[in-house]
Amino acid sequence: MDDWKPSPLIKPFGARKKRSWYLTWKYKLTNQRALRRFCQTGAVLFLLVTVIVNIKLILDTRRAISEANEDPEPEQDYDEALGRLEPPRRRGSGPRRVLDVEVYSSRSKVYVAVDGTTVLEDEAREQGRGIHVIVLNQATGHVMAKRVFDTYSPHEDEAMVLFLNMVAPGRVLICTVKDEGSFHLKDTAKALLRSLGSQAGPALGWRDTWAFVGRKGGPVLGEKHSKSPALSSWGDPVLLKTDVPLSSAEEAECHWADTELNRRRRRFCSKVEGYGSVCSCKDPTPIEFSPDPLPDNKVLNVPVAVIAGNRPNYLYRMLRSLLSAQGVSPQMITVFIDGYYEEPMDVVALFGLRGIQHTPISIKNARVSQHYKASLTATFNLFPEAKFAVVLEEDLDIAVDFFSFLSQSIHLLEEDDSLYCISAWNDQGYEHTAEDPALLYRVETMPGLGWVLRRSLYKEELEPKWPTPEKLWDWDMWMRMPEQRRGRECIIPDVSRSYHFGIVGLNMNGYFHEAYFKKHKFNTVPGVQLRNVDSLKKEAYEVEIHRLLSEAEVLDHSKNPCEDSFLPDTEGHTYVAFIRMEKDDDFTTWTQLAKCLHIWDLDVRGNHRGLWRLFRKKNHFLVVGVPASPYSVKKPPSVTPIFLEPPPKEEGAPGAAEQT
Amino acid sequence: MSRINKNVVLALLTLTSSAFLLFQLYYYKHYLSAKNAAGLSKSKGSRIGFDSIQWRAVKKFIMLTSNQNVPVFLIDPLILELINKNFEQVKNTSYGSTSECKFFCVPRDFTAFALQYHLRKNEEGWIQVAENMGFQCIKIESKDPRLDGIDSLSGTEIPLHYICKLATHAIHLIVFHERSGNYLWHGHLRLKEHIDRKFVPFRKLRFGRYPGAFDRPELQQVTVDGLEVLIPKDPMYFVEEIPHSRFIECRYKEARAFFQQYLDDNTVEAMAFRKSAKELLQLAAKTLNKLGIPFWLSSGTCLGWYRQCNIIPYSKDVDLGIFIQDYKSDIILAFQDAGLPLKHKFGKVEDSLELSFQGKDDVKLDIFFFYEETDHMWNGGTQAKTGKKFKYLFPKFTLCWTEFVDMKVHVPCETLEYIEANYGKTWKIPVKTWDWKRSPPNVQPNGVWPISEWDEVIQLY
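Residues numbered from 1 in each chain as written. Chains lettered and ligands numbered in written order. Predicted model: local features only at pLDDT ≥ 70, side-chain atom pairs only at ≥ 80, totals over all residues. Heavy atoms only, no water.

Caption draft 1: Layout of the overall build of chain B. Scanning chain B for helices and strands turns up 13 helices and 21 strands. Against the compact-globule benchmark of 23 Å for 461 residues, chain B has a radius of gyration of 30 Å, which places it well outside the compact range. Taking the principal axes of the C-alpha coordinates as reference, chain B spans close to 115 × 50 × 50 Å. For chain B, the accessible surface area stands at approximately 22,700 Å², while carbon and sulfur atoms represent 55% of it. Distance between charge centroids for chain B: 8 Å, based on 59 positive and 53 negative side chains. (Helix = DSSP H or I, 4+ residues; strand = E, 2+ residues; numbered from the N terminus. Rg over C-alpha atoms; globule rule 2.2 N^0.38 Å. Areas by Shrake-Rupley, 256 points an atom, 1.4 Å probe, with all protein chains shown as cover. Lys, Arg positive; Asp, Glu negative; His and termini not counted. Charge placed at Lys NZ, Arg CZ, Asp CG, Glu CD.)

Caption draft 2: Focus on the pattern of salt bridges. Residue and element names in this part refer to chain A. This structure, assessed with the given rule, holds 56 salt bridges over all chains. Among the ionic pairs, K271 bridges to D346, the shortest N-O distance being 3.0 Å. With K271 in the loop between α7 (260-269) and β10 (304-308) and D346 in helix α9 (residues 342-350), this residue pair connects regions lying 75 residues apart in the sequence. A residue is classified by how much of its surface remains accessible, and D346, at 12% relative accessible area, is buried. (Salt bridge = Lys/Arg side-chain N within 4 Å of Asp/Glu carboxyl O. Buried < 20%, exposed > 50% of the residue type's maximum accessible area, 1.4 Å probe, protein only.)

Caption draft 3: Quick look at the packing of helix α8 (residues 312-324) of chain A against α9(A). All names here are of chain A. Where α8 contacts α9, the two axes come as close as 9 Å, and the packing angle between them is 20°. The orientation of α8 relative to α9 falls into the category roughly parallel. Judged by the sense of rotation from one axis to the other, the crossing of α8 with α9 is right-handed. Residues P312, N313, L315, Y316 and L319 of α8 form the contact with α9, whose participating residues are E343, P344, V347, V348 and L350. For the contact of α8 with α9, the per-class residue count stands at eight nonpolar, one polar and one charged. (Axes fitted to C-alpha atoms, helices over the stretch in contact; angles between N-to-C directions. Parallel < 35°, antiparallel > 145°, perpendicular 65-115°, else oblique. Left-handed = near helix turned anticlockwise from the far one by under 90°. Contact = heavy atoms within 4.5 Å. Nonpolar A, V, L, I, M, F, W, Y, C, P; charged D, E, K, R; others polar.)

Caption draft 4: Representation of the state of the cysteines within the structure. According to the stated counting rule, one finds seven disulfides over all chains in the structure shown. The partner cysteine of A:C421 in its disulfide is A:C490, sulfur to sulfur 2.2 Å. Around the S-S axis, the bridge from A:C421 to A:C490 shows a dihedral of about 115° and counts as right-handed. One end of the pair, A:C421, is in strand β15 (residues 419-423); the other, A:C490, is in strand β18 (residues 489-493), and 69 residues separate them in sequence. Its relative accessible area of 1% is what places A:C490 among the buried residues. At a sulfur-sulfur separation of 2.1 Å, the disulfide partner of B:C250 is B:C309. With the S-S dihedral at roughly -110°, the linkage between B:C250 and B:C309 falls on the left-handed side. (Disulfide = S-S within 2.5 Å.)

Caption draft 5: Spotlight on the domain arrangement of chain B. Residues and elements named next belong to chain B. One can read the domain layout of chain B as domain 1 (53-244) and domain 2 (252-460). The C-alpha centroid of domain 2 is placed 37 Å from the C-alpha centroid of domain 1. The partner domain 2 presents seven residues to the 13 residues of domain 1 that form the contact. Together, the buried faces of domain 1 and domain 2 total about 850 Å²; carbon and sulfur atoms form 46% of this surface. Between the two partners, domain 1 and domain 2, sit two salt bridges. (Domains from an automatic or database assignment. Buried area = accessible area lost by both parts, 1.4 Å probe.)

Caption draft 6: Main features of the environment of A:C254. Residues and elements named next belong to chain A. Here C254 shows up in the loop between α6 (249-252) and α7. It is 43 Å that separates the C-alpha atoms of C254 and P437, two residues lying 183 residues apart in sequence. Those residues within four positions of C254 in sequence are excluded, and the remaining contacts are R266, C279, S280 and C281.

Caption draft 7: Just the sheet that holds strand β7 (residues 209-215) of chain A, in detail. Residues and elements named next belong to chain A. A sheet is described by the order of its strands in space; here five strands give the open sequence β5-β4-β6-β7-β8, paired in antiparallel fashion. Edge positions in the open sheet fall to β5 (143-149) and β8 (220-226), since each of these has one partner strand only. Each adjacent strand pair in this sheet contributes to an overall mean axis angle of 10°, direction not counted. For β7 and β8, the ladder comprises six bridges, and the chain directions are antiparallel. The residue of β8 that forms the bridge with F212 is E223. Along the sheet, helix α4 (residues 156-166) contacts β4 (130-136), β5 and β6 (172-178); its crossing angle with β5, the most-contacted strand, is approximately 165°. (Pairing = 2+ DSSP bridges.)

Caption draft 8: Just the interface of chain B and chain A, in detail. Taken together, the contact pairs 42 residues of chain B with 42 residues of chain A. When chain B packs against chain A, the two sides together hide about 3,800 Å² of surface, and 57% of this comes from carbon and sulfur. Counting across the interface, chain B meets chain A through one salt bridge. Of the charged contacts in the structure, one is a salt bridge between A:E385 and B:R216, with a shortest N-O distance of 3.0 Å. At the boundary of chain B with chain A, the tally comes to three residue pairs in polar contact (both at pLDDT 80 or more). (Polar contact = N/O pair within 3.5 Å; in protein donor to acceptor, adjacent residues only side chain to side chain.)

Caption draft 9: The UniProt feature "domain: ILEI/PANDER" (unreviewed entry) in chain A, seen in detail. As annotated by UniProt and renumbered to match this structure, "domain: ILEI/PANDER" (unreviewed entry) occupies residues 129-218 of chain A. The straight-line gap between the two end C-alpha atoms of residues 129-218 of chain A is 28 Å; of that span, 22% is helix and 31% is strand. (UniProt positions renumbered as here; feature names shortened; annotations may be inferred.)

Caption draft 10: Up close: the packing of aromatic side chains. All chains considered together, the criterion is met by 50 aromatic pairs over all chains. Note on A:W451 and A:W475: the rings are 5.7 Å apart at their centroids and 15° apart in plane angle, and the pair reads as stacked. Taken together, the residues A:W451 in strand β17 (residues 451-454) and A:W475 in helix α13 (residues 475-480) connect sequence positions 24 residues apart. In this pair, the class of A:W451 matches that of A:W475, namely buried. Pairwise contacts between aromatic rings join B:W296, B:F323, B:F370, B:F394, B:F397 and B:Y418 into one cluster. Here the guanidinium or amino end of A:R265 rests over the ring plane of A:W256, the centre of that ring lying 5.6 Å away. Positioned above the aromatic ring of A:F643, the side-chain terminus of A:R580 is 4.3 Å from the ring centre. (Phe/Tyr/Trp six-rings, centres within 6.5 Å; stacked < 30°, edge-to-face > 60°. Lys NZ or Arg CZ within 6 Å of the ring centre and 35° of its normal.)

Caption draft 11: Just the nonpolar core, in detail. Counting 118 residues, the largest nonpolar core has A:V306, A:L319, A:L322 and A:W590 as the members making the most contacts within it. With seven residues, the single largest contributor to this core is helix α11 (residues 402-415) of chain A. Three or more residues apiece are contributed to this core by two domains, here domain 2 (304-534) and domain 3 (537-634) of chain A. Each residue touching A:L322, except ones within four places of it in the same chain, is listed here: A:V304, A:V306, A:V328, A:I333, A:L392, A:I398 and A:F403. Core analysis: the second largest hydrophobic core is formed by 65 residues, B:F368, B:Y371, B:Y418 and B:Y423 among them. (Core = buried A, V, L, I, M, F, W, Y, C linked by side-chain atoms within 4.5 Å.)

Below, the structure written as C-alpha cells:
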C-alpha cells in the first residue's frame, strides 16, 4: 500500500462514470416532467408545512414550559445562573498587589502601618510592654489578629507559642517589641521564632528593639534589630519598611466542601486568626455539635442571653461549650455584644447564632450594668412568651448537663415565691469543698455566673429601678442589695455547672483568678439526676436542714478548725461545727474560717440563715453561726462556739476585686 | 442556473425538515412522559383540575415545609373563605379521597402562608431546598422592631417576607413574629433596590402593604384538596382581622429625643402611677375585649403613647375612646364586675355620652364615646356643676394597632391629626396644668343640658 500511487488517469474516469449516472437519472426524470413538477411542488409544500407546524409547536411549548413546572428547564436555568455568578466573586481582585508595611519598635512606642493605614499604635505609658504580634491575611492584607504578649512576665511566652502555632501557614506575621520582651522569653518560644526564619528573635536580649515581618512557614520579608548597649538603656528605635507581596485568594483559602456550615467557616477564617483548628484546611474542628436532646426538656423554650464584651476568644470557647451542652436550642440563644466590635460578631456568625450589638453607655461598671439592662430587656422583648431567661457571660464554660440541671429545677422558680434565682455557680464549690453533683442548696446570696431570671422579677421589680448610667454601680452588687433581693434566695448546685475561666476582665487579673476561680469544681458528668428537688422549697428545706442537723455528728470544738485534722478521715458522714456569730451581719469568724479553708472570703457567700454547707474530705460539713442562726438550737449546751480573731488590719485583703 | 437554485432550495428544505424531525423525536419523549403523568393522576378516580399550577405549587410548598419542619399555616383569605363555606365537606374528607380540586385550584396569583418564626428549627436551609425543587425565592428583611424600643441596640436583620415563585404561581410566606402583648406581628413588605420589580405582581399581594398585627390564632389540621394544611381554628375570625390589621410602631426615636429634652420622671410616685395605670389599662382592655367592643387610646393616654411611648406620669387617668355605635348597655355592669365601679356618667347614648370608672390607687378610667358626622367626629363633655355641654371635634380617623405597655391596642391611624386637634401644634411640649374645658383647641361650647334631664345626664357616684 505504501508504494501505491494514484494514477492520474483513473480520476477523470471515475468522475465521468458518476456524472453519467447522474445524467441517466436526470434524463429519466425529465421524461416525466409533469410528474416531476408535481412531486417537486408537493415536496416543497410538505416541507414548508412541516416547518411552519414545527415553529408553532416550539412556540407553544415555550408557553407551556413557562406555565408548567414539570419540565426541568427553569430549574436548570436557575442553577446555571448561580454557577455563572459564583466564580468571579471568588476570584477576587485581579492582579497581584504588594502591601507596603512599616513596623516600628522602640522603648516607649510601637506602631505598624499597612499601606499607610496605622493598624497598631501604642505609646501609652506603663502599658503594652512585650512583643506585639499582628497577623495579616496574605490575600487581602486585612488584619486578622492583634495580640500583645508581655514576655517580660512569666508564662506569657507560652501563650505566644500557643497563638503562633495556631496561625495558618502562609499568613503574614508582624512582630514588634515595646520596652522589654526578652526577660521571660524561654527556649521554646525562641525556637519557634527561629523556625519562622527570624535571625534576631531567638537572640533577643534585654531591652533590645526588634521588628519582624515574615510569612508563616515561608520566607522572612524583613527584619530589624537593635541591641541594647547597656543594662540600663534600651536599643535604638528601629523602623522596618518592607514590601509584602499578596498572594491570590485561592491560595489563602482552604478547599472545604461547599456546605452552609463551611460557608460560615470560610467567611470566618478569611477574617480572623487565632482560633486554632476551626480553620484547619485538612481536619477542621466541627462548628455544629448536635448534642443529645434532653428527654422532657423544660427549658427548651427558655431564651439564653450571652452577655459579651470584646473578648472574642473567650466568646468562642464559651459558645463551643454552650452549644455542646445537652438540650441546648441554638435558636433561643442571643449574644449581646457591648460595643461595635467586629470580631465577637464574627464568632457569633461562625456558629450561626443571633448577635446584637450595643452602643456603649457610660463607663466601667456602669457600662456593664447598662449593657446588662439593655440585654435583658431585649431578651424578654424578643421572646415575649418566655417566663424565664438564662443569663450567661462570655467567660464561662458551660457544663454538659447545664440545661439538664435547669430542666430539673426550673419548676421551683414557678412554684416558690421565696426564690430569687437559680444559679449554676456555687461560690464555695471548690475542688476540695464540693462533692455531690446531685445536691442543691438554698443560699441568700446571688452568685450569678450562669443563672435564671424570672420575667416578672425583671419586668416588675428590677427593670423600672435599674441603676441609671450616672450611678457607677455593679449590676450584680446592686441585685444583691436587700432592697432588691427582699429576703429571697437562690438555688445553687453543690458542684457548679459553669466554670469561670476569664482572666482578663474589668475586675479580674491573673493572681485573682488563680486564687479564687482556678480550683473551682465543675461538673463534667452528663445527665446527673438531681436528688429530691422539691425539698428545696421554702418549708421543705427547713425540714431537710433540721433532719441534717439532727443526724450530724458534732465535731471536736477544741481542735483548730483550720487544721486538716479538724474533720476525721471518714467518708460520707455529716459533721457540724458551731462558730460565733453574734448578729445576722456578724461574719468575723466565718470570714476567717473561709480564709483558712481557701474558699471565697472576700464577702459572705453561700449562707442560708446563718448556716453554710460544704464538703470536706468527702464528708458533708455544716457550719452554724451561734447565736444568730435559728439553727443554734441544735447546739449541744456543752459546745462553745469557735471564735477566730481577724488578723491585724495592716495585712489587708487582696484588692477590691469583685466577681462579676 | 434556475435548476441549481431549485436544487439548493430543495436541499435546504430537506435539511430543515430533517432537523425538525430530529427535534420532534427528541421532544416526543418529554411530551409522552408529561401526558403519562397527567393520565396517571386522572386514572386515580376522576380527579378534576389537579393539574393546575396553583395546586401543584401549593402541594410542593406543603411537601417542602413538612419535610423541612418549617412551621407554617395557611392564611390566604380567598381560600380560607372557601374552606369556611364548605367546612363540613373539608372536615369529612380524609387524605386522598378528594375527587375535585375545589380550593387550591382556584385561579389566583398568590397563596399566602404564615411562618411562625418562633417555632422554626433551622434558619434557612429550606430556601435552598425550595430552589432545588424549582421555586425561585426572594426574601425581604428588615431590622427587628422589638429592639427599637431599647436604646442603642442594633441586631441582625430579621426576615419579614418570602415570596417563592413556581412558574406562574407564587407562594407568599409572611413571617409572623411574636410580640409582647400576646399577638403576632408581620412587617411591611418594602422592596429593596436590587429586587426585580416584575418578579411577581407585588401590587396584588394581600399582605405586606402595611405591617400587621393579629391575635395569635389557634390552629387545626385539615385536608384540603388532598393536601394536609394547618389553618386557623376560626378561619373567618382571622379573615375578618385582615382588613383591620394595620399596625403602627411607636416612634421610639422621637420618644428618646423627647426624654433627652425633658428628662423622664423616675420618682417612686411616677413609677407607682405608671404601674397602676398600666394595670388599669390592661383590666379595661380585657373587659372591653370580652364584650367585643373596639376601643382606642384617646386624649392623654394617646399623647403619652405618641410622644414618649409610655404613660405620662402626671396624667392621673387613663383615657379610652369608643364609637357610640359600639356602645352596649352591659358595659357598666361588666366594669363593675371587673372591680371598677362607675364614678360618673355624663350625657346619654344619643348625645355626649361619657363614662368614668374608679380604678385602684386613685387612678380613673375615662371612656369617651365618639359620634360620627359626615366630615368629622366628635365627643362630648359635660360640666357637672353648671350642666354646660362641650364638644370636641376631630378630623375623621380609622383605627390601627400598636403596642403600648406590653399590650396590643388601637390608636387612630392618623395619630398626628388626632393629637394636633386635641392638643394643638405644641403637643410636644409637656404641660402639667390642663383645663379640659378651655385648653383643648378643638373644644366648642355646645349649649346647656335642660334641667329636666340633669338627673339622667349628670350622674355622680
